[in-house]
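# Inside the fold
So you can see what is in the structure, the chains are spelled out below.
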Amino acid sequence: MNEDKIYGPFEMDQRIKVNSTYYAGKMGSLFYTTLRDEKRILGVKCETCSLVFWPPRTTCGRCFSKLEEKDLVEIGPQGTLQT
């Protein structure tokens, strides 16, 4: 005869230590190092559709054009936020 036991929910007290390194990518690294070292906030401007993206990325979210380091621009204290 098969006697299966049914267990209810339970909790365990445990800790998991995880060591990891996050790489923000080339554009993200440029953004963070410029912010840290020069106290400037950078965005990236798409030459095709003239949108500026913050934080900087390597691909335009509208037209999918490739964005490069030469496309980085300093963004000022004013702008329009679109979500």
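A short tour of the structure in this document, coming up. (Residues numbered from 1 in each chain as written. Predicted model: local features only at pLDDT ≥ 70, side-chain atom pairs only at ≥ 80, totals over all residues. Heavy atoms only, no water.)

## Considerations on the overall build of the chain
Per the secondary structure count, the chain includes one helix and three strands. On C-alpha atoms alone, the chain measures out to a radius of gyration of 23 Å, which is more than a quarter above the 12 Å that the 2.2 N^0.38 rule sets for 83 residues. Along the first, second and third principal axes, the C-alpha set of the chain runs to 75 × 30 × 25 Å. Taking all 83 residues of the chain together, the buried fraction comes to 20%. (Helix = DSSP H or I, 4+ residues; strand = E, 2+ residues; numbered from the N terminus. Rg over C-alpha atoms; globule rule 2.2 N^0.38 Å. Buried < 20%, exposed > 50% of the residue type's maximum accessible area, 1.4 Å probe, protein only.)

## Side note on the packing of aromatic side chains
Enumeration over the complete set of coordinates arrives at two aromatic pairs. Centre to centre, the rings of Phe 31 and Tyr 32 are 5.0 Å apart; their planes meet at 70°, and the pair counts as edge-to-face. For Phe 31, a relative accessible area of 6% puts it in the buried group. Ring centres 6.1 Å apart and planes at 70° place the aromatic pair Phe 31 and Trp 54 in the edge-to-face group. Taken as a pair, Phe 31 in helix 1 (residues 25–38) and Trp 54 in the loop between strand 2 (52–53) and strand 3 (72–74) lie far apart in primary sequence, 23 residues in all. Within the aromatic cluster, the residues linked to one another by ring pairs are Phe 31, Tyr 32 and Trp 54. (Phe/Tyr/Trp six-rings, centres within 6.5 Å; stacked < 30°, edge-to-face > 60°.)

## Observations concerning the pairing of strand 1 (residues 42–45)
With three bridges joining them, strand 1 and strand 3 adopt antiparallel strand pairing. Following the sheet pairing, Gly 43 is matched in strand 3 by Val 73. Pairing geometry for strand 1 and strand 2, over two bridges, is antiparallel. Within strand 2, the residue paired with Val 44 across the bridge is Phe 53. (Pairing = 2+ DSSP bridges.)

## Focus: the side chain of Ser 65
Along the chain, Ser 65 falls in the loop between strand 2 and strand 3. Excluding residues within four positions of it along the chain, Ser 65 makes contact with Cys 46, Thr 48, Thr 58, Thr 59 and Cys 60. (Contact = heavy atoms within 4.5 Å.)

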